[in-house]
Amino acid sequence: MQYSKPKMEQLVKNDAELTKKLRQIMKEHDLEKSFALKALYHSDVKGGGRYQRDYQEL
């Protein structure tokens, strides 16, 4: 499974909890949105993460 920025943006847009996590990551680590999206992908999607199935369905 490969990282796709448009898919990740759509996933975050569709889920309020992921939106909240994205904002938290951006604030805590002082990251731009694109880097925070990658961090969120690796923590909650890739490798059997909680949102993997939702990501694959996009």
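Just above, that's the structure.
This text gives an overview of the structure that appears in the document. Position labels on residues start from 1 in each chain and follow its written sequence. For this predicted model, a pLDDT threshold of at least 70 governs which residues receive local features, and a threshold of 80 or more governs which side-chain atom pairs are given and counted, while totals over whole chains, interfaces and linings are taken from all residues. Derived side-chain values reflect all non-hydrogen atoms in the structure, with water molecules and hydrogen atoms excluded from consideration.

## Regarding the side chain of D44
Turning to step 1, where the next piece is worked out: Counting through the fold element by element, D44 comes out in helix 3 (residues 33-44).
Turning to step 2, where the next piece is worked out: Relative accessibility under 20% of the residue-type maximum defines a buried residue, over 50% an exposed one, and the middle range a partly exposed one, all with a 1.4 Å probe and only protein chains included. For D44, a relative accessible area of 13% corresponds to the buried category.
Turning to step 3, where the next piece is worked out: Look past the residues within four positions of D44 in its chain and what remains in contact with it is L18, K21, G49, R50, Y51 and Q52. What counts as a helix is a DSSP run of H or I of at least four residues, what counts as a strand is a run of E of at least two, and both are numbered from the N terminus. Two residues qualify as a contact provided that any one of their heavy atoms is within 4.5 Å of a heavy atom in the partner residue.

## Some points on the packing of helix 1 (residues 5-14) against helix 2 (residues 16-29)
Turning to step 1, where the next piece is worked out: Every axis in this analysis is a line fitted to C-alpha atoms, fitted for helices over the stretch in contact. Angles between the N-to-C directions lie between 0 and 180 degrees. It is the contact of helix 1 with helix 2, at a shortest axis distance of 5 Å, that shows an interaxial angle of 115°. Taken as axis vectors, helix 1 and helix 2 run roughly perpendicular relative to one another. Packed against helix 1, whose contacting residues are L11, V12 and N14, the element helix 2 presents A16, L18, T19 and L22 at the interface.
Turning to step 2, where the next piece is worked out: The nonpolar class holds Ala, Val, Leu, Ile, Met, Phe, Trp, Tyr, Cys and Pro. Asp, Glu, Lys and Arg form the charged class, and all remaining residues, Gly among them, are polar. For the contact of helix 1 with helix 2, the per-class residue count stands at 5 nonpolar, 2 polar and no charged. Convention used here: angles under 35 degrees read as roughly parallel, angles over 145 as roughly antiparallel, angles from 65 to 115 as roughly perpendicular, and any remaining angle as oblique.

## Description of the packing of aromatic side chains
Turning to step 1, where the next piece is worked out: Here is the rule: rings of Phe, Tyr and Trp (six-membered ring for Trp) pair when centre to centre is within 6.5 Å. Planes less than 30 degrees apart are stacked, more than 60 are edge-to-face, and the remainder are tilted. For the coordinates displayed, the defined rule picks out 2 aromatic pairs.
Turning to step 2, where the next piece is worked out: Each ring, one from Y3 and one from Y41, has its centre 5.2 Å from the other, and the planes form 70°; the classification is edge-to-face. With Y3 in the segment before helix 1 and Y41 in helix 3, the pair connects residues that are 38 residues apart, well separated along the chain.
Turning to step 3, where the next piece is worked out: The partly exposed category is assigned to Y3, whose relative accessible area is 26%.
Turning to step 4, where the next piece is worked out: With centroids separated by 5.4 Å and ring planes inclined at 55°, the aromatic side chains of Y41 and Y55 adopt a geometry described as tilted. Of this pair, Y41 sits in helix 3 while Y55 sits in helix 4 (residues 52-57), placing them 14 residues apart in sequence.
Turning to step 5, where the next piece is worked out: According to the relative accessible area criterion, Y41 is buried, its value standing at 1%.
Turning to step 6, where the next piece is worked out: Through a chain of ring-to-ring contacts, three or more aromatic side chains come together here, namely Y3, Y41 and Y55.

## So, a positive patch on the surface
Turning to step 1, where the next piece is worked out: A surface patch of positive charge is lined by K5, R23, K33 and K38.
Turning to step 2, where the next piece is worked out: Residue position: K5 is located in helix 1.
Turning to step 3, where the next piece is worked out: Residue K5 is classed as partly exposed on the basis of its relative accessible area, which comes to 37%. Note on patches: the residues involved have over 30% relative accessible area and no salt bridge, like charges join within 9 Å, and the nonpolar side chains Val, Leu, Ile, Met, Phe, Trp and Tyr join within 5 Å. The method behind every accessible area is Shrake-Rupley, applied with a 1.4 Å probe, and residues are considered shielded solely by the protein chains displayed. One speaks of a salt bridge when a side-chain nitrogen belonging to Lys or Arg is within 4 Å of a carboxyl oxygen belonging to Asp or Glu. The charge count includes Lys and Arg as positive and Asp and Glu as negative, but it does not include His or the ends of the chains. To locate a charge, take NZ of a lysine, CZ of an arginine, CG of an aspartate or CD of a glutamate.

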